[in-house]
Amino acid sequence: EFPYLLEHERVERKLMSEGKSYQSAHDFATAADKELRRRNGVGHYPSEPSYPWRGRSNEKIITEQYYV
């Protein structure tokens, strides 16, 4: 998690120093840390075609992933 936290804070701080509000900078920083996760192959988000759990119910995901 640490590299993603650092990226988030770096982007957020840079944008705030340029005059963006905290909320706006936070939104951009969240997008930046998600993009870094994607590039590193550890971020999967439901709106993307590569989402590995597409079409599975929450119950199915839980039982497949966590053997409940």
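A.B. asks: Tell me about the packing of aromatic side chains, and please be specific about residues and values.
C.D. replies: Centre-to-centre distance and the angle between the planes together describe a pair of aromatic rings. Counted by the stated rule, this structure contains one aromatic pair. Taking 5.4 Å as the distance between ring centres and 75° as the angle between the ring planes, the aromatic pair formed by tyrosine 51 and tryptophan 53 counts as edge-to-face.

A.B. asks: Outline helix H2 (residues 22-39), supporting the account with residue identities and numerical values.
C.D. replies: With 18 residues, H2 extends 25 Å from end C-alpha to end C-alpha; this agrees with the ideal 26 Å at 1.5 Å per step. By the burial criterion, the buried members of H2 are Ala25, Ala29, Ala32, Asp33, Leu36 and Arg37. Buried residues along H2 cover an arc of 140° about the axis, so they all sit on one side. Looking at the packing, one finds that the buried side of H2 touches helix H1 (2-17). Two residues or fewer past H2, glycine 41 is found with a positive phi of approximately 75°.

A.B. asks: Kindly report on the packing of H1 against H2, identifying the contributing residues and their values.
C.D. replies: Contact geometry for H1 and H2: axes closest at 8 Å, N-to-C directions at 145°. The two elements H1 and H2 meet at a crossing, and its hand is right-handed. Packed against H1, whose contacting residues are Pro3, Tyr4, Glu7, His8, Val11, Glu12, Leu15 and Met16, the element H2 presents Tyr22, Ala25, His26, Phe28, Ala29, Thr30, Ala32, Asp33, Leu36 and Arg37 at the interface. Across the contact of H1 with H2, the residue classes break down as 11 nonpolar, three polar and four charged.

A.B. asks: Tell me about the nonpolar core, and please be specific about residues and values.
C.D. replies: Within soluble globular proteins, side chains that are nonpolar generally end up buried alongside one another. Ranked by size, the top nonpolar core spans five residues in total: Val11, Leu15, Ala25, Ala29 and Ala32. For this core, the secondary structure elements donating two or more residues are H1 and H2. Per-element accounting of this core gives the leading share, three residues, to H2. Contact partners of leucine 15, with chain neighbours within four places excluded, come to Lys20, Ala25 and Phe28.

Definitions and cut-offs
- Residues numbered from 1 in each chain as written.
- Predicted model: local features only at pLDDT ≥ 70, side-chain atom pairs only at ≥ 80, totals over all residues.
- Heavy atoms only, no water.
- Phe/Tyr/Trp six-rings, centres within 6.5 Å; stacked < 30°, edge-to-face > 60°.
- Helix = DSSP H or I, 4+ residues; strand = E, 2+ residues; numbered from the N terminus.
- Expected span 1.5 Å × (residues − 1).
- Buried < 20%, exposed > 50% of the residue type's maximum accessible area, 1.4 Å probe, protein only.
- Arc of directions from axis to C-beta.
- Contact = heavy atoms within 4.5 Å.
- Axes fitted to C-alpha atoms, helices over the stretch in contact; angles between N-to-C directions.
- Left-handed = near helix turned anticlockwise from the far one by under 90°.
- Nonpolar A, V, L, I, M, F, W, Y, C, P; charged D, E, K, R; others polar.
- Core = buried A, V, L, I, M, F, W, Y, C linked by side-chain atoms within 4.5 Å.

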